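The chain contents come next:
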Amino acid sequence: MDIGAFMLDSVPFARLLGITFDTIGSGTAVARLADRADLHNHVGGPHAGALFTLAETASGAAMLSAFGDQLSRAVPLATEASIRYLKLAKGEVTAAATLRAEREAVVARLDAGERPEFEVGVEIRDAGDVVVSELTVSWTLRPNRRS
């Protein structure tokens, strides 16, 4: 599965913002947002909503890289997100996402008929390689209903 293409097809807003992916694999993803004037806020950096969307999109790609093989039996859903805006971002920004759970433990809970929950952490850096935001997204894999 081409996770980047899947994400941009499934989340049109991410495509609208022009989010691209540098790397995706094994519970990690790096997504990028170009510096565009139409995405700036009142102080000249990327709008908080654009930063959030970048980070949440990266978290989804990292999650899918770990659990994409489970899509036939479960639906991934973001259940909660927390973001800290640390500094004004300048220029292009990148979001590096990392799964904070053991894949095997999450799949074991799904195998047991449970609805596993897990977190993906994301660090956003600006063009100067300064950490400007941190995001944590809580995800769940909701088992498909049986007919």
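A short tour of the structure in this document, coming up. (Residues numbered from 1 in each chain as written. Predicted model: local features only at pLDDT ≥ 70, side-chain atom pairs only at ≥ 80, totals over all residues. Heavy atoms only, no water.)

1. A short note on the packing of aromatic side chains
Across all of its chains, the model carries one aromatic pair by this definition. Between the aromatic rings of Phe67 and Phe118, the centroid separation amounts to 4.9 Å while the plane-to-plane angle is 45°, which identifies the pairing as tilted. Residue Phe67 is found in helix α3 (residues 48-67), and its partner Phe118 is found in strand β5 (residues 117-125); the two are separated by 51 residues along the sequence. The exposure class assigned to Phe67 is buried, which follows from its relative accessible area of 1%. (Phe/Tyr/Trp six-rings, centres within 6.5 Å; stacked < 30°, edge-to-face > 60°. Helix = DSSP H or I, 4+ residues; strand = E, 2+ residues; numbered from the N terminus. Buried < 20%, exposed > 50% of the residue type's maximum accessible area, 1.4 Å probe, protein only.)

2. Topic: the sheet that holds β5
The strand order across the open sheet formed by six strands is β1-β2-β4-β5-β6-β3, and the pairing between neighbours is antiparallel. Every interior strand has two partners, whereas the edge strands, β1 (20-25) and β3 (74-85), have only one. On average, each strand axis in the sheet is inclined to that of its neighbour by 20°, with strand direction left out of account. Running at roughly 30° to strand β6 (residues 131-143), helix α4 (residues 103-111) makes contact with β3, β5 and β6 of the sheet. (Pairing = 2+ DSSP bridges. Axes fitted to C-alpha atoms, helices over the stretch in contact; angles between N-to-C directions. Contact = heavy atoms within 4.5 Å.)

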